[in-house]
Amino acid sequence: MRNRRVEYACLSSVGRLRRNNEDNFCCAGHIRDDVSGTEDVAVSGTVISDDNALFAVFDGMGGEACGEVASLIAAQESERFTRDRARYEEYLYELAELLNKRVREETEARSLVIMGTTAAMLQVSGDDIYILNAGDSRIYKLSRHEMRRISEEHITPVSGGKAITKFLGMPEGYSLRPYIAMGNYKVGDMFLLCSDGVTDMLTDREIAEIIDDKRELSVLVRELVDAALERGGVDNTTAILLRFTK
């Protein structure tokens, strides 16, 4: 396959009921570096499939001033790791182990009981894609007007909600064991990575109805986030959309 263009657009919003944004991302080298800001952060652009670009969404856990630290560490370390390994094909597991260690070290340095972040990662490497996820941030593939989730959920029901069973920052003695898969793509395929601020507010069918493969990606991520906010916006909301073109 010849080099393909990969269009991308990312939008991260604090939501309507939160005072701070515990989400972060690594989107082809861009991250949300102003973690104290409450304004929406948007990036968009194009890379080539041979660039080995990384796209990731991180949803911090641990409460105010903790979750946002964990997700920032993950975003910063991902950007640095990717930049240093431009031609290293399958590195997501190694990266996840590094992020898990870095977040755990920061948790211990702050004398906290728990601090962590979910992860939904997609790496484009030539003809292939690699995905990794831990927690409840999701990855979807949209192909020929059909959408399916290609990530796994790592949650368990608890009274009044859910608990994340796998995340970056797992305590010493606990194995991370993220979900990892490899696949490929066709021209026209799209991928969505998002935090649960999207999926807790919208059904898969509603998400699929919003995403029209003929429209600008920056418009689509805005409509997706706005739809989640209109449903209540109870959590931070971050979405990355990718589209492969000729």
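Residues numbered from 1 in each chain as written. Predicted model: local features only at pLDDT ≥ 70, side-chain atom pairs only at ≥ 80, totals over all residues. Heavy atoms only, no water.

Caption draft 1: Main features of the environment of Y179. If you trace the backbone, Y179 turns up in strand β13 (residues 179–184). As a C-alpha pair, Y179 and A120 span 59 residues in sequence and 9.6 Å in three-dimensional space. Setting aside residues no more than four positions away along its own chain, Y179 makes contact with I131, L132, N133, I150, S151, E152 and H154. (Helix = DSSP H or I, 4+ residues; strand = E, 2+ residues; numbered from the N terminus. Contact = heavy atoms within 4.5 Å.)

Caption draft 2: Structural detail: the pairing of strand β12 (residues 161–164). With 4 bridges joining them, strand β11 (residues 155–158) and β12 adopt antiparallel strand pairing. Within β12, the position partnered with V158 by the bridge is G161. If you look at the hairpin formed by β11 and β12, you'll find 2 residues sitting between the two strands, and G160 has a positive phi there, around 80°. (Pairing = 2+ DSSP bridges.)

Caption draft 3: Representation of the packing of aromatic side chains within the structure. Taken as a whole and assessed by the stated rule, the structure comprises 4 aromatic pairs. When the ring of F191 is compared with that of F244, the centres are 5.9 Å apart and the planes differ by 80°; the resulting orientation is edge-to-face. Residue F191 is located in strand β14 (residues 190–194), and its partner F244 is located in strand β15 (residues 237–245); the two are separated by 53 residues in the primary sequence. The buried category is assigned to F191, whose relative accessible area is 0%. On the basis of relative accessibility, which here comes to 1%, the residue F244 falls in the buried class. Feature note: the residues Y185, F191 and F244 constitute an aromatic cluster, connected by ring pairs. (Phe/Tyr/Trp six-rings, centres within 6.5 Å; stacked < 30°, edge-to-face > 60°. Buried < 20%, exposed > 50% of the residue type's maximum accessible area, 1.4 Å probe, protein only.)

Caption draft 4: Representation of helix α5 (residues 217–230) in the model. With 14 residues, α5 extends 20 Å from end C-alpha to end C-alpha; this agrees with the ideal 20 Å at 1.5 Å per step. Among all positions in α5, only L217, L220, V221, L224, V225, A227, A228 and L229 are buried. Buried-residue contacts for α5 involve β1 (5–13), β14, α3 (196–199), α4 (204–210) and β15. G232 sits one or two positions beyond α5 and adopts a positive phi of about 140°. (Expected span 1.5 Å × (residues − 1).)

Caption draft 5: Representation of the pattern of salt bridges within the structure. The tally for this structure, following the rule as stated, stands at 22 salt bridges. Between R102 and E77 there is a salt bridge; the shortest N-O distance is 3.5 Å. On the criterion of sequence distance, the pair formed by R102 in helix α2 (residues 92–109) and E77 in helix α1 (residues 67–84) is long-range, its members being 25 residues apart. R102 sits in the partly exposed class, given a relative accessible area of 29%. Note on E77: relative accessible area 15%, which makes it buried. A salt bridge links E105 to R102; the shortest N-O distance between them is 4.0 Å. Remark: R102 and E105 occur in helix α2; sequence separation between them is 3 residues, near one turn of the helix. Put simply, E77, R80, K101, R102 and E105 are held in one network by salt bridges that share partners. (Salt bridge = Lys/Arg side-chain N within 4 Å of Asp/Glu carboxyl O.)

No statement about biological role is implied by the geometric values presented.
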